[in-house]
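Read off the chains here:
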Amino acid sequence: MSVASSKKVRVRFAPSPTGYLHVGGARSALYNYLFAKQNKGQFILRIEDTDEARSTDDSLRMVMEDLQWLGLQWDEGPNPKTLEDLGNFGPYRQSRRLDLYKKYADELIATGKAYYCFMTDAEMDVQREALLKEGKSPHVESPYAEWTVEKARAKMSEGATAVVRFKTRHLRKDYVFTDLVRGEVKFPSDMVSDFVLLRSGGMPVYNFCNVIDDHLMQISHVLRAEEHLPNTLRQMMLYEAFGWELPLFGHMSLILDEDRKKLSKRKGATSCHEFKMEGYLPAALNNFMALLGWSHPEEKEIIPMEELIEKFSVHRLHPSGAVFDAVKLKWMNSVYLRALSDEQIWQELKPFLDRAHLDLPADSAWQKKSVSVFRSAMETLAESVELYRPLCDKSFVIQPEGEDTLKWEQAKPVLQAWKDLVEQEPNEFMTEERFLQIQDLVKEKSGCKGKFLFMPMRVAVIGKPHGTELKILVPLLKKTSLIERAKICLQKIS
Ligand code: GLU
């Protein structure tokens, strides 16, 4: 099967924006982007927003923000800031192309390939039920199909409303095309009856706009989700009616959850925005999504963007469903995270720590040191919040288990010795070695050991007797913070 088109490679991602970008859409965008980059073609963002109520500017901005976060920058489409068109094939929002759709609908009406239809939903239901009773396929035949345009217009001028329907009854044959992913696909034409092109308010339907836009925007390859495969029949009929050349189609497999059901929100995060807020890196998400339905020729798993662009191929897209493995995504994220420098990780963590209102030292040496301590303990950026929380003074509270520990008779001598020793420290921060020495000194001075030593000390540092090891946390806490915390505990005791 050849992916070569005589046309220059122009591919599009055509979302109907209704909120944040879903991982299925993001994967379509990614594959189109990779294909465009590999072939030095154009990647176009077209907005299919004829569903007026749901497609708001806000949802459009959400989708564009997610695409930009992933780094999937489009060559043509709305400007992400101003929403103005970038490129020579605009407008790129279908809601701005309504005149064009009307013009093409008029052309089909004038050539007898489409007609005004006045059937009401109730009339159609009656006919459909009757056909089903007779054991026939429920293809409604409109009595208006053979009306002249003049007759229909006269009826409309009396106030009747009509949809524009495409005439299919004379197209009795098989429609065959070679899908880039699935090979030969055959649709018998009687799978569809006369279908609507324009609704009664004049709004065009998806199948109609999609064909007109793909043609006018000179789209060479249509790579989209499998759920659109059946739509291809109606679209092929329209290409034929206009006498236009078909683009090459490739329908990508469904993304399934672990129970092999269609991935849905109920089973956890499914939108790019959620993955972003959970602390996944866009590079990791791209790598993960690339492998949902495609595989590297050497079966590699960690594939950076440049290599994805180089190695991506439509031939290696799998027709069967791809299972979304959240554990694998997390692992992949940790691989990408660990490849970053301490400074880079800090930059990535910062927004998460800020959102959690964690007040932490502003000096970069401390920041780098803290990352070097915690970097291997997190798989996502969001996990850093609980690692850093004990380091924020404002978060210091004595937990109920901590209060119980402070009731032990050993608590007072241990904390007193600890506070005194910390107060004598010359430096703002102590090293791990110095902390271990001080711990021994506390043991000597208080005469306490084992859990009677460690647990009260831990309460004095993190407010509870269990948690991250003190030798890790103490070197990241300022002397003043340690003293303040010890004082709070000693006050509680007295
Ligand atoms: N607007 C359609 C969607 O969001 C586009 C389908 C296509 O790519 O043709 O699913």
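Worth saying up front: this structure is predicted, and the values here are computed from it rather than measured.

## As for the overall build of the protein chain
Thinking step 1. When you go through the protein chain residue by residue, the secondary structure sums to 20 helices and 13 strands.
Thinking step 2. A globule of 494 residues ought to have a C-alpha radius of gyration of about 23 Å, yet the protein chain, at 32 Å, is considerably larger.
Thinking step 3. Taken over 494 residues, the protein chain has a buried fraction of 49%.
Thinking step 4. As displayed, the protein chain has an accessible area near 23,200 Å², and 51% of this comes from carbon and sulfur atoms.
Thinking step 5. Computed over 69 positive and 71 negative side-chain charges, the inter-centroid distance for the protein chain is 1 Å.

## Regarding the site of the ligand
Thinking step 1. In the vicinity of the ligand, the residues found are Arg12, Ala14, Pro15, Ser16, Glu48, Tyr206, Asn210, Arg224 and His228.
Thinking step 2. A distance of 2.6 Å separates an oxygen atom of the ligand from a polar side-chain atom of Arg12.
Thinking step 3. Taking Asn210, its side chain carries an N or O atom lying 3.1 Å from an oxygen atom of the ligand.
Thinking step 4. In the complex, 82% of the free accessible area of the ligand, which totals 300 Å², lies under the protein chains.
Thinking step 5. Counting atoms within 2 Å of the grid points, the majority share of the ligand lands in the largest pocket.
Thinking step 6. Each residue belonging to the shell around the ligand can be placed in one class, and the counts come to 3 nonpolar, 3 polar and 3 charged.

## Describing the layout of surface pockets
Thinking step 1. Of the volumes computed, that of the largest pocket is approximately 1,000 Å³.
Thinking step 2. Mapped by element, the contributors of at least two residues to the lining of the largest pocket are β1 (10-13), α1 (23-38), α6 (206-216) and β10 (221-225).
Thinking step 3. For the lining of the largest pocket, the leading source of residues is α1, giving 5 residues.
Thinking step 4. As for the second largest pocket, its lining consists of 19 residues, of which Asp121, Met124, Val163, Arg165 and Val196 are closest to the centre.
Thinking step 5. The residue makeup of the lining of the second largest pocket, split by class, is 10 nonpolar, 5 polar and 4 charged.

## Topic: helix α18 (residues 451-462)
Thinking step 1. In this model, α18 (12 residues) spans 16 Å end to end at C-alpha, consistent with the 16 Å of a helix rising 1.5 Å per residue.
Thinking step 2. Most of α18 sits inside the fold, with 9 of its 12 residues counted as buried.
Thinking step 3. Burial in α18 covers these residues: Leu453, Met455, Pro456, Met457, Arg458, Val459, Ala460, Val461 and Ile462.
Thinking step 4. Contacts from the buried residues of α18 go to α15 (400-406), α16 (411-423), α17 (432-446), α19 (470-473) and α20 (479-493).
Thinking step 5. Among the residues trailing α18, Gly463 stands out with phi positive, at a value near 85°.

## Things to note about the nonpolar core
Thinking step 1. Core analysis: the biggest nonpolar cluster contains 105 residues, and Tyr388 and Trp418 have the highest contact counts within it.
Thinking step 2. No other element matches the 9 residues that α1 contributes to this core.
Thinking step 3. Non-local contacts of Trp418, meaning those with residues more than four positions away in its chain, are made with Met430, Phe435, Ile438, Val442, Met457, Ala460, Val461, Val474, Leu482 and Ala486.

## Focus on the sheet that holds strand β6 (residues 163-166)
Thinking step 1. Strand order in the open sheet made by the 3 strands is β5-β6-β9, with antiparallel pairing throughout. If you trace the sheet from one side to the other, it starts and ends with β5 (114-117) and β9 (195-198), each paired once. Direction aside, the axes of adjacent strands within the sheet are offset by 45° on average.
Thinking step 2. When β5 meets β6, the two strands line up antiparallel, connected through 4 bridges. By the bridge assignment for β6, Tyr116 is matched with Val164.

## Here's the deal with the packing of aromatic side chains
Thinking step 1. Counted by the stated rule, this structure contains 21 aromatic pairs.
Thinking step 2. With centroids separated by 4.9 Å and ring planes inclined at 65°, the aromatic side chains of Phe374 and Tyr388 adopt a geometry described as edge-to-face. In this pair, Phe374 sits in helix α13 (residues 364-374) while Tyr388 sits in helix α14 (residues 384-388), placing the two residues 14 residues apart along the sequence. Just as Phe374 is buried, Tyr388 falls in that class too.
Thinking step 3. Here Trp408 and Phe452 contribute two aromatic rings whose centre-to-centre distance is 5.2 Å and whose plane-to-plane angle is 65°, an arrangement assigned as edge-to-face. One end of the pair, Trp408, is in the loop between α15 and α16; the other, Phe452, is in helix α18, with 44 residues separating them in the sequence.
Thinking step 4. Classification of Phe452 by relative accessible area gives partly exposed; the value is 32%.

## A short note on empty space enclosed by the protein
Thinking step 1. Here the structure, examined in full by the defined rule, presents 1 cavity of 30 Å³ or more.
Thinking step 2. What the largest cavity holds in volume is close to 30 Å³.
Thinking step 3. Around the largest cavity, the lining residues are Val422, Glu425, Asn427, Glu428, Phe429, Met430, Leu477, Lys479 and Leu482.
Thinking step 4. In the lining of the largest cavity, the residues fall into 5 nonpolar, 1 polar and 3 charged.

## A few points about the environment of Phe43
Thinking step 1. Topologically, Phe43 is positioned in strand β2 (residues 42-45).
Thinking step 2. C-alpha separation for the pair Phe43 and Val9, spaced 34 residues apart in sequence, amounts to 8.7 Å.
Thinking step 3. When near neighbours in sequence (up to four residues on either side) are disregarded, Phe43 contacts Val11, Phe13, Ala29, Asn32, Tyr33, Ala36, Leu72, Gln73, Trp74, Asp75 and Glu76.

## Section: the packing of α16 against α17
Thinking step 1. In contact at an axis separation of 9 Å, α16 and α17 are set at 135° when each is read in the N-to-C sense. By the angle between their axes, α16 is oblique relative to α17. Relative to α17, α16 is oriented so that their crossing is right-handed. Counted together, Pro413, Val414, Ala417, Trp418, Asp420 and Leu421 of α16 and Phe435, Ile438, Leu441, Val442, Lys445 and Ser446 of α17 form the full contact between these two elements.

## Quick look at the pattern of salt bridges
Thinking step 1. Inspection of every chain in the model, using the stated rule, returns 33 salt bridges.
Thinking step 2. In this structure, Lys167 and Glu146 form a salt bridge, with 3.8 Å as the shortest nitrogen-oxygen distance. Highlighted residues: Lys167 in the loop between β6 and β7 (174-179) and Glu146 in the loop between α4 (121-133) and α5 (149-157), separated in sequence by 21 residues.
Thinking step 3. Note that Lys262 and Glu227 form a salt bridge whose closest N and O atoms lie 3.4 Å from each other. One end of the pair, Lys262, is in the loop between β12 (255-256) and α8 (272-277); the other, Glu227, is in the loop between β10 and α7 (231-242), and 35 residues separate them in sequence.
Thinking step 4. Classification of Lys262 as exposed rests on a relative accessible area of 51%.
Thinking step 5. Residue Glu227 is classed as partly exposed on the basis of its relative accessible area of 45%.
Thinking step 6. Residues joined by salt bridges that share partners form a network here, namely Arg12, Arg46, Glu48, Arg97, Asp213 and Asp214.

Parameters and conventions
Residues numbered from 1 in each chain as written. Predicted model: local features only at pLDDT ≥ 70, side-chain atom pairs only at ≥ 80, totals over all residues. Heavy atoms only, no water. Helix = DSSP H or I, 4+ residues; strand = E, 2+ residues; numbered from the N terminus. Rg over C-alpha atoms; globule rule 2.2 N^0.38 Å. Buried < 20%, exposed > 50% of the residue type's maximum accessible area, 1.4 Å probe, protein only. Areas by Shrake-Rupley, 256 points an atom, 1.4 Å probe, with all protein chains shown as cover. Lys, Arg positive; Asp, Glu negative; His and termini not counted. Charge placed at Lys NZ, Arg CZ, Asp CG, Glu CD. Near = heavy atom within 4 Å. Polar contact = N/O pair within 3.5 Å; in protein donor to acceptor, adjacent residues only side chain to side chain. 1 Å grid on protein atoms, 1.4 Å probe; cavity = no way out; pocket = protein on both sides within 12 Å on 5 of 7 lines; lining within 4 Å. Sits in = over half its atoms within 2 Å of the grid points. Nonpolar A, V, L, I, M, F, W, Y, C, P; charged D, E, K, R; others polar. Points joined across faces, edges and corners; volume = space filled by probe spheres on them. Expected span 1.5 Å × (residues − 1). Contact = heavy atoms within 4.5 Å. Core = buried A, V, L, I, M, F, W, Y, C linked by side-chain atoms within 4.5 Å. Pairing = 2+ DSSP bridges. Axes fitted to C-alpha atoms, helices over the stretch in contact; angles between N-to-C directions. Phe/Tyr/Trp six-rings, centres within 6.5 Å; stacked < 30°, edge-to-face > 60°. Parallel < 35°, antiparallel > 145°, perpendicular 65-115°, else oblique. Left-handed = near helix turned anticlockwise from the far one by under 90°. Salt bridge = Lys/Arg side-chain N within 4 Å of Asp/Glu carboxyl O.

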